[in-house]
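# Descriptive analysis of the structure
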Amino acid sequence: MVAVLIDGLVLGLQFGMLGVGLTLVYGLGGVVNLAHGQMAVVAAMVAARLMDRGTATALAVAAGILSVVALGVVIDRTLMQPVYRERSEHRVLLGLLLMLGVGFIIDGVLEWRYPIEALSLRITGGPVEVFGVAIRRGSIVASAVIGVVGLALILFFRYTTFGRATRSVIEDEEGARLCGINPGAVRTVIFGLSGGLAGIVAMTQAMTSPVVSTAGVGLTIFALIVAVVGGLGSTSGAFLAGIILGLVNTLSAFYIGTFVSSIILLLAAASTILLRPEGLLRRA
Amino acid sequence: MSEPLLAVEGLSAGYLGEDVIHDIDLTVATGEVVCVIGSNGAGKTTMLRSMCGLLPATAGSVRFDGVDLRRLPSHRVMRSGIVYVPAERHLFPGMTVAENLALGSYPKRPDPAQLEIVYRTFPRLQERLGQNAGTLSGGEQQMLAVGRALMAEPSLLILDEPTTGLAPVLAQEAYGALSELREGGLTVLVAEQQVPLALELSDRGYVLDHGRIALTGPSSELATDPEVRKAYLGI
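Fair warning: this is a prediction, and the values are worked out from it, not measured in the lab.

## Observations regarding the overall build of chain B
Each helix and strand counted, chain B has ten helices and ten strands in total. Computed over C-alpha atoms, the radius of gyration of chain B comes to 17 Å, within 12% of the 18 Å expected from 2.2 N^0.38 for 235 residues, which places it in the range of a compact globule. Counting only C-alpha atoms, chain B reaches 45 × 40 × 40 Å along its principal axes. Across the 235 residues of chain B, 52% fall into the buried class.

Set out below in structure tokens:
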């Protein structure tokens, strides 16, 4: 039982970080990045290809993450520019459709070129005993990585000048402009950061189970559910939602079955929209 | 005579291809307080927004401190020494008063001496530093909007209807704070419907009517002008 809970927590932290990446991009520019999971998989595939060719693991992981940071920046600077010129619903719909297209393209290319590629990062060493339960070392490292990155993110948004500027654009774009902040530049940086976070999630997943080239759609859906439950635009909300949904997912998969767990996840998301439309942590 | 701090010449601007303001000429010299008065819909906001690059101008020039502002995007204008406070304020409601003030000095870190000036002008803000901006009263929000603008240490503060949504007593109070800032040497351009308050505060004024400058002169003269008295002072 405790082991299942801990598995759920590890998964939840990863969900949370996926949701944060999605929620930031949405909050800043109204773009629902439906290729978010696919970007994570791109990072994994870049790392896997490099490791196949004998690149050192650490280097391959770094290159994988940086490649999706670059991908995020390029998408923002090119495809998303016409989106940001639109307003309200038009912006959301255009952004959503374009990113759906990007997701299709990534999925298509991966399925065509690397149908059986997968990334596994083996963390050596036996299980570690926590609260009397043996936990895989990979799970511990994965949680530690997400925990450190998550904490760094929270501190970044609360205390740094650029982090505050990012929040100000989410709160009121015109107000940010009045303070001398360039919302376009903030969006570009954060789209890159969001890509990087997706990449980090892919690497931590690979520490416990292989990340296959077709995993993208599933990850996108999880990210979307987490972002909706946490409240679009809220970082800590996304983390909280991720942890709750990770636990729900793992517990229901363990006691009932994997198929049912996705239905329960969607039910959880739908009831949040009905009961707390502003997200878990938002005041109405 | 040297060039004024702000020199607007022949400025026209509007929405959807239709000009709302036409051929505006206006200057503000360093140390001056200048007001633009006019009724609702006269084009005051359009004029201020087009000066700051928030709305593209269709003709004319805006020179500030020797720089042609029409070539700059609005966020660059706000870093050049002008700060614009719109009537809707555009605060960051989910962030604290302290964070709102800090963002005013972006990209620099807030200067403690400047914070001191803001606290002295608006002691209420200092009492509410940890509170979210969205929970402030209307009057406090207006103080925060001006306070945030001051954090940029502007050489020209542009205010659009600072009394919007304020009860008469609070409007008086807001103008009290502005006259304190004026004593401190701040250069101000203020657009206002509350004509008596604006004329009392300012050195010079412009009367905007149907998108054109109808009249200009020292505020004391405008206050005794029969046309102005009839149209805006209700006398």
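## Describing the packing of helix 10 (residues 216-230) of chain A against helix 11 (residues 235-255) of chain A
Residue and element names in this part refer to chain A. Closest axis-to-axis distance for the helix 10/helix 11 pair is 8 Å, and the angle between their directions is 120°. Judged on the interaxial angle alone, helix 11 and helix 10 are oblique. As helix 10 packs across helix 11, the resulting crossing turns out to be right-handed. For the pair helix 10 and helix 11, the contacting residues are Ile225, Val226, Val229 and Gly230 in the first and Gly237, Ala238, Ala241, Gly242 and Leu245 in the second. Its residues assigned to classes, the contact of helix 10 with helix 11 shows six nonpolar, three polar and no charged.

## A few points about the interface of chain A and chain B
Listed per partner, the contact involves 21 residues of chain A and 24 residues of chain B. A combined buried area of about 2000 Å² lies between chain A and chain B, and 58% of that area is made up of carbon and sulfur atoms. The largest share of the area that chain A buries against chain B comes from Glu171, Leu178 and Cys179 of chain A, three residues that together contribute 31% of it. Of the charged contacts, one joins Arg49 of chain B and Glu174 of chain A as a salt bridge, the two residues approaching to 2.8 Å between their closest N and O atoms. Between the two partners, chain A and chain B, sit six residue pairs in polar contact (both at pLDDT 80 or more). The greatest single-element share of the side of chain A that touches chain B, amounting to seven residues, is contributed by helix 7 (residues 161-171) of chain A.

## Focus: the environment of Thr187 of chain B
Residue and element names in this part refer to chain B. Take Thr187: it is sitting in the loop between helix 7 (168-183) and strand 8 (188-192). For the pair Thr187 and Glu161, spaced 26 residues apart in sequence, the C-alpha separation works out to 16 Å. Among the polar contacts listed, one links the side chain of Thr187 to the backbone nitrogen of Gly31, at a separation of 2.8 Å.

## Digging into the sheet that holds strand 8 of chain B
All names here are of chain B. The sheet built from six strands is open, its strands ordered 6-7-8-3-9-10 with mixed pairing. Here the strands that pair on one side only, and so sit at the sheet edges, are strand 6 (82-85) and strand 10 (212-218). Averaged over all pairs of adjacent strands, the angle between their axes in this sheet comes to 15°, without regard to strand direction. Sheet topology note: the strand 6/strand 7 (residues 156-160) ladder contains four bridges and is parallel. Looking at strand 7, one finds that Tyr84 is bridged to Ile158. Contacts between helix 1 (residues 44-51) and the sheet are confined to strand 3 (33-37), strand 6, strand 7, strand 8 and strand 9 (204-209), with strand 8 contributing the most and set at about 150° to the helix.

## Some words on the environment of Asp19 of chain B
Residues and elements named next belong to chain B. Secondary-structure assignment places Asp19 in strand 2 (residues 18-28). Take Asp19: its relative accessible area is 31%, and that puts it in the partly exposed class. Once you skip the residues sitting within four places of it in the chain, Asp19 turns out to touch Ser12, Ala13, Gly14 and Thr58. At a separation of 3.1 Å, a polar atom in the side chain of Asp19 contacts the side chain of Thr58.

## What to know about the sheet that holds strand 4 (residues 57-64) of chain B
All names here are of chain B. Taken in spatial order, the four strands of this open sheet run 2-1-4-5, and their pairing is antiparallel. If you trace the sheet from one side to the other, it starts and ends with strand 2 and strand 5 (67-68), each paired once. Two elements, strand 1 (residues 6-15) and strand 2, share seven bridges in a ladder whose sense is antiparallel. The residue bridging Tyr15 from the neighbouring strand is Glu18, located in strand 2. This element, helix 1, spans strand 1, strand 2 and strand 4 of the sheet and lies at about 115° to strand 1.

## Concerning the packing of aromatic side chains
Taken as a whole and assessed by the stated rule, the structure comprises four aromatic pairs over all chains. Ring geometry for Phe156 of chain A and Phe157 of chain A: centres 5.0 Å apart, planes at 65°, overall edge-to-face. The exposure class assigned to Phe156 of chain A is partly exposed, which follows from its relative accessible area of 24%. The side chain of Arg113 of chain A reaches across the aromatic face of Trp112 of chain A, ending 5.4 Å from its centre. Geometry around Phe92 of chain B places Arg148 of chain B over its ring, the cationic atom sitting 4.8 Å from the centre.

## Digging into helix 2 (residues 36-52) of chain A
Residue and element names in this part refer to chain A. Here helix 2 spans 25 Å end to end across 17 residues, near enough to the 24 Å set by a 1.5 Å rise per residue. For helix 2, a buried count of twelve out of 17 residues is recorded, marking the element as mostly surrounded by other parts of the structure. Within the span of helix 2, buried status applies to His36, Gly37, Gln38, Met39, Ala40, Val41, Val42, Ala43, Ala44, Met45, Ala47 and Ala48.

## Here's the deal with the domain arrangement of chain B
Accessible area lost during the coming together of the parts is what is often quoted as the interface size. Residues and elements named next belong to chain B. Under the domain assignment used here, chain B contains domain 1 (1-80 + 154-161 + 170-235) and domain 2 (82-151). The C-alpha-based centres of domain 1 and domain 2 are spaced at 23 Å. In this complex, domain 1 contributes 25 residues to the contact, which on the side of domain 2 involves 16 residues. Both sides together, the interface formed by domain 1 and domain 2 hides about 1700 Å², and carbon and sulfur atoms give 69% of it. For domain 1, the biggest contributors to the area lost against domain 2 are Met78, Pro154 and Leu181; these three give 24% of the whole. Linking domain 1 with domain 2 are six residue pairs in polar contact (both at pLDDT 80 or more). Listed by contribution, the elements that provide at least two residues to the side of domain 1 that touches domain 2 are helix 1, strand 7 and helix 7. A per-class count over the side of domain 1 that touches domain 2 returns 17 nonpolar, two polar and six charged.

The rules we used
- Residues numbered from 1 in each chain as written.
- Chains lettered and ligands numbered in written order.
- Predicted model: local features only at pLDDT ≥ 70, side-chain atom pairs only at ≥ 80, totals over all residues.
- Heavy atoms only, no water.
- Helix = DSSP H or I, 4+ residues; strand = E, 2+ residues; numbered from the N terminus.
- Rg over C-alpha atoms; globule rule 2.2 N^0.38 Å.
- Buried < 20%, exposed > 50% of the residue type's maximum accessible area, 1.4 Å probe, protein only.
- Axes fitted to C-alpha atoms, helices over the stretch in contact; angles between N-to-C directions.
- Parallel < 35°, antiparallel > 145°, perpendicular 65-115°, else oblique.
- Left-handed = near helix turned anticlockwise from the far one by under 90°.
- Contact = heavy atoms within 4.5 Å.
- Nonpolar A, V, L, I, M, F, W, Y, C, P; charged D, E, K, R; others polar.
- Buried area = accessible area lost by both parts, 1.4 Å probe.
- Salt bridge = Lys/Arg side-chain N within 4 Å of Asp/Glu carboxyl O.
- Polar contact = N/O pair within 3.5 Å; in protein donor to acceptor, adjacent residues only side chain to side chain.
- Pairing = 2+ DSSP bridges.
- Phe/Tyr/Trp six-rings, centres within 6.5 Å; stacked < 30°, edge-to-face > 60°.
- Lys NZ or Arg CZ within 6 Å of the ring centre and 35° of its normal.
- Expected span 1.5 Å × (residues − 1).
- Domains from an automatic or database assignment.

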